[in-house]
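# Breakdown of the fold
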Amino acid sequence: MTEHIIELHDVSKNYTRGVETVHALQEVTLNVSKGDFIAVVGHSGSGKTTMMNIMGCLDHPSSGSVILQGRPIEQASESALTRMRRSAIGFVFQQFFLVPTLTVLENVTLPALFSGNHTNGRSRDLLEMVGLGKRLNHLPGQLSGGEMQRAAIARALVNSPPLVLADEPTGNLDSRNADMIMELFEQLNRDGVTIVLVTHNADIVKHCERTVHIEDGRISQ
Amino acid sequence: MTFFKVALSNLKRNRVRTLLTGLSLAVSAATLTVVLALDRGYSSAVTDDLVNKTGIHLYITKEGCPIEAASVIAQGGLSPLYVEEDILARLATVADLEAILPFKLFAVTTDDGSRTDIFMGVTDAILSMKPDWRFAAGGWLKEDDSVVIGADMAQIEFLQVGQRMYNENFDREFTVTGILERTYSQDDGTFFVPLATAQAMVQREGKLSAVGLKLADISRMDLVQNQLRALMPADYFVLGSKELSEGILQFFGATRAIMIVMVFVAFIISVFGIINTMLMAVLERRREIAYLKCVGAGRLDLVRLITLETTSIALAGSAAGALLGMVLSPVAGNLLRTFLVAYVPSGPIARPEPMIALMAFILCSIVGLACSLYPALRAARIVPMEVLRND
Ligand SMILES: Nc1ncnc2c1ncn2[C@@H]1O[C@H](COP(=O)(O)OP(=O)(O)OP(=O)(O)O)[C@@H](O)[C@H]1O
Ligand SMILES: [Mg+2]
């Protein structure tokens, strides 16, 4: 039996907007196995981000259950959730969210700081890996978009999470930089990291071994 | 990499804001230090003058209220009530008194209002009351028209020993017999003349402002005070110099109240300023904070981070302010000297002791830290979902 790193069971998510209720996700069931490389695709507003947030324990489902590494997250306290996120999941967003006043190296080390690790040896190695070995002491403002996203990926990996969730990581990048990022994800996946990424880009889907289509809050295949 | 490093980098993000926040606390700390130094300093300077330095332990007056008495005795204030000279005969019978100084004190403002001269009619007894007095030139009073002048008066009037001095208010001429060395007290600006001369100048022959008494043994103070009360006519009062200085300190009460209000206002302003700026600093990077939560920052981590930011400003600002207060309080003391309506003491008015600066520093740091709590809690309450807000 393959081990599931995260499972969604009949997950629905409703948002109320004024009088109207938006069914952003409807009874979605999805198992992500260790080592998966999944692309989530679908039209704008179909519920991709909503699903990613629920997978990342950033948001609670309206109904259904989420099981992260064998543990249901419904009953988990906020501090338990924080710990689970910290050790299990790395996030990469379309916006890079680098702290502008910290150097690249410091930005990457930040998640380690919150888990009580003050050393930066791993951050250096990761930045080396993403090709920013010579930019350690630059400020984010001195980097290009592609470089910032590579720094953000290094940061997502610093606590060695088994799962990386990336919501449109190449959305702000040109195709050359997008390819570079995708090659990085492929390499990570080869090294055993499970990756779920949202994209609009058909070229990118080709890199992924499994594709999940979402339409009106439902998985269509 | 440490939390402190992250906090510092956040402070660098908006240097002007950080500087202003620190400055507002520095102003509070400096004001507090100055006010405490002045408050402490004035009290001890007055007490020094009236209790510790003068040999006068008790006063006989007709004013029951120590504040009124203080204004008459310390500044030559006008009072319709006079001590009769014949009281001295009764005092002479008291064995415990080492010296008895009857005096007549009055202040005259020049016609153009530019200066107030203080005349004090005294007897030789004053020499045993003021053991610190030294003559810069000449010596003690000799004739009825003799005058001994304080250091300031000698300087202002260009007077030397042996010179004649004319006073237009009283149309009188005096001969300077002595010039006192500077005492940094009211004596520096006083003309000392023989008692009878002073009484004649204001047509109050046989009348005194008050009588100062020096005790042979200060431990018998209560006893002597009671003995004197029994001896004096019913409308006379026996005041300890302590009560007198307390009377003067009550004059100072209004000035003190203003200073305390100043400190209070400075504090309120900086408290709201700091809360407001830190809150802005938090809300302005809520997405970033939300992202920190995504990457594993717990509530406590954020509280720690934000309080660390504020605390760094608070500590730096308070320390700078307390030091500034130490440096400024002598200046403020001299300024206060020129504004004081009450008694101007001889010693320094400001006493910027390290304990005062330390107190101001600690208090302001605590205030700064307290100000950081609300913004810190707001930061902790930001949910990771905020990262996705589209605005
Ligand atoms: N906080 C919210 N409040 C109300 N409605 C919301 C909220 N978040 C999302 N929605 C709605 O839920 C639906 C799904 O949104 P979601 O962001 O998951 O779409 P998406 O597939 O990520 O779209 P895109 O490709 O444009 O990023 C949309 O109709 C959206 O308007
Ligand atoms: Mg989306």
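Here, the structure is the one placed above.
Residues numbered from 1 in each chain as written. Chains lettered and ligands numbered in written order. Predicted model: local features only at pLDDT ≥ 70, side-chain atom pairs only at ≥ 80, totals over all residues. Heavy atoms only, no water.

This paragraph deals with the sheet that holds strand S5 (residues 71-72) of chain A. Residue and element names in this part refer to chain A. Spatial ordering of the open sheet is given by S2-S1-S4-S5, a layout of four strands whose pairing is antiparallel. In the strand order of this sheet, the two ends are held by strand S2 (20-33) and S5, each with one partner. Note that strand S4 (residues 63-68) and S5 share two bridges and pair antiparallel. Residue pairing in the sheet places Leu68 in a bridge with Arg71 of S5. (Pairing = 2+ DSSP bridges. Helix = DSSP H or I, 4+ residues; strand = E, 2+ residues; numbered from the N terminus.)

Looking now at the packing of aromatic side chains. All names here are of chain B. In the structure shown here, the tally under the stated rule is 12 aromatic pairs over all chains. Their ring planes at 35° and their centres at 6.3 Å tell us that Phe119 and Phe174 sit as a pair that is tilted. Of this pair, Phe119 sits in strand S4 (residues 116-122) while Phe174 sits in strand S8 (residues 172-180), and the two are 55 residues apart along the sequence. Between Phe119 and Phe191, the ring centres sit 4.9 Å apart and the planes meet at 20°, which makes this aromatic pair stacked. Of the two residues, Phe119 is situated in strand S4 and Phe191 in strand S9 (residues 190-194); the sequence distance between them amounts to 72 residues. (Phe/Tyr/Trp six-rings, centres within 6.5 Å; stacked < 30°, edge-to-face > 60°.)

Residue and element names in this part refer to chain A. Close to ligand 1 lie 14 residues, the nearest being Ser44, Gly45, Lys48, Thr49 and Thr50. Between ligand 1 and the protein, one listed contact pairs an oxygen atom with a side-chain N or O atom of Arg17 at 3.2 Å. Contact between ligand 1 and Lys48: an oxygen atom at 2.7 Å from a side-chain N or O atom of the residue. Taken by itself ligand 1 offers 630 Å² of open surface, and the protein chains cover 68% of this. Top element by residues in the shell around ligand 1 is helix H1 (residues 48-55). It accounts for three residues. Per-class residue counts for the shell around ligand 1 are three nonpolar, eight polar and three charged. (Near = heavy atom within 4 Å. Polar contact = N/O pair within 3.5 Å; in protein donor to acceptor, adjacent residues only side chain to side chain. Areas by Shrake-Rupley, 256 points an atom, 1.4 Å probe, with all protein chains shown as cover. Nonpolar A, V, L, I, M, F, W, Y, C, P; charged D, E, K, R; others polar.)

All names here are of chain A. Phi angles above zero are rare outside glycine, and Glu27 is one such case at about 45°. In this structure, Glu27 sits in strand S2. With phi around 45°, Gln69 is a residue other than glycine that occupies positive phi space. Tracing the backbone shows Gln69 in the loop between S4 and S5.

Another point: the environment of Val193(B). Residue and element names in this part refer to chain B. Structurally, Val193 can be placed in strand S9. For the pair Val193 and Leu101, spaced 92 residues apart in sequence, the C-alpha to C-alpha distance is 13 Å. The contacts of Val193, once residues within four sequence positions are left out, are Phe119, Met120, Gly121, Val122, Leu141, Ser146, Val147, Phe174 and Ala198. (Contact = heavy atoms within 4.5 Å.)

By size, the foremost hydrophobic cluster in this structure holds 83 residues, and its most contacted members are Leu8(A), Met51(A), Met55(A) and Val196(A). The contacts of Leu8(A), once residues within four sequence positions are left out, are Val28(A), Thr29(A), Leu30(A), Asn31(A), Met51(A), Ile54(A), Met55(A), Ser65(A) and Val66(A). (Core = buried A, V, L, I, M, F, W, Y, C linked by side-chain atoms within 4.5 Å. Buried < 20%, exposed > 50% of the residue type's maximum accessible area, 1.4 Å probe, protein only.)

Turning our attention to the packing of helix H5 (residues 145-157) of chain A against helix H6 (residues 175-190) of chain A. Residues and elements named next belong to chain A. For the pair H5 and H6, the least separation of the axes is 9 Å and the interaxial angle reads 20°. Relative to H6, the element H5 is oriented roughly parallel. For the element pair H5 and H6, the recorded crossing hand is right-handed. When H5 is examined against H6, the residues Gly146, Gln149, Arg150, Ile153 and Leu157 are found in contact with a partner set consisting of Asn177, Met180, Ile181, Leu184, Phe185 and Leu188. (Axes fitted to C-alpha atoms, helices over the stretch in contact; angles between N-to-C directions. Parallel < 35°, antiparallel > 145°, perpendicular 65-115°, else oblique. Left-handed = near helix turned anticlockwise from the far one by under 90°.)

On to the pairing of strand S11 (residues 210-215) of chain B, then. Residue and element names in this part refer to chain B. Burial analysis of S11 places six of its six residues in the buried class, which makes it a mostly covered element. Residue alternation in S11 divides its side chains into two sets, Ala210, Gly212 and Lys214 and Val211, Leu213 and Leu215, and both sets are buried. Sheet topology places strand S1 (residues 58-61) next to S11; three bridges connect them, and they run antiparallel. Along S11, the bridge assignment pairs Ile60 with Val211. In this structure, strand S3 (residues 97-109) lies alongside S11, joined through six bridges in antiparallel fashion. When the sheet's bridge partners are listed, Leu101 is paired in S11 with Gly212.

The subject of this paragraph is the interface of chain A and chain B. In this complex, chain A contributes 26 residues to the contact, which on the side of chain B involves 24 residues. Carbon and sulfur atoms make up 66% of the area that chain A and chain B hide from each other, which totals about 2,500 Å². Linking chain A with chain B are four salt bridges. The partner of Glu106(A) in a salt bridge is Lys5(B), with the nearest N and O atoms 2.1 Å apart. Counting across the chain A and chain B interface gives seven residue pairs in polar contact (both at pLDDT 80 or more). Secondary structure elements with two or more residues in the side of chain A that touches chain B: H1, helix H2 (78-88) and helix H3 (104-114) of chain A. The biggest single contributor to the side of chain A that touches chain B is H3(A), with six residues. Classifying every residue of the side of chain A that touches chain B gives 12 nonpolar, eight polar and six charged. (Buried area = accessible area lost by both parts, 1.4 Å probe. Salt bridge = Lys/Arg side-chain N within 4 Å of Asp/Glu carboxyl O.)

All names here are of chain A. One open sheet holds the six strands; their spatial order is S6-S7-S8-S3-S9-S10, and the pairing between them is mixed. The sheet is open, and its two edges are formed by strand S6 (89-92) and strand S10 (218-219), each paired on a single side. Pairing of strand S3 (residues 37-42) with strand S9 (residues 210-215) involves five bridges; the strand directions are parallel. Its bridge partner lying in S9, Ile38 is registered against Arg210. Packed on one face of the sheet, H2 meets S6 and strand S7 (163-167) and runs near 75° to S6.

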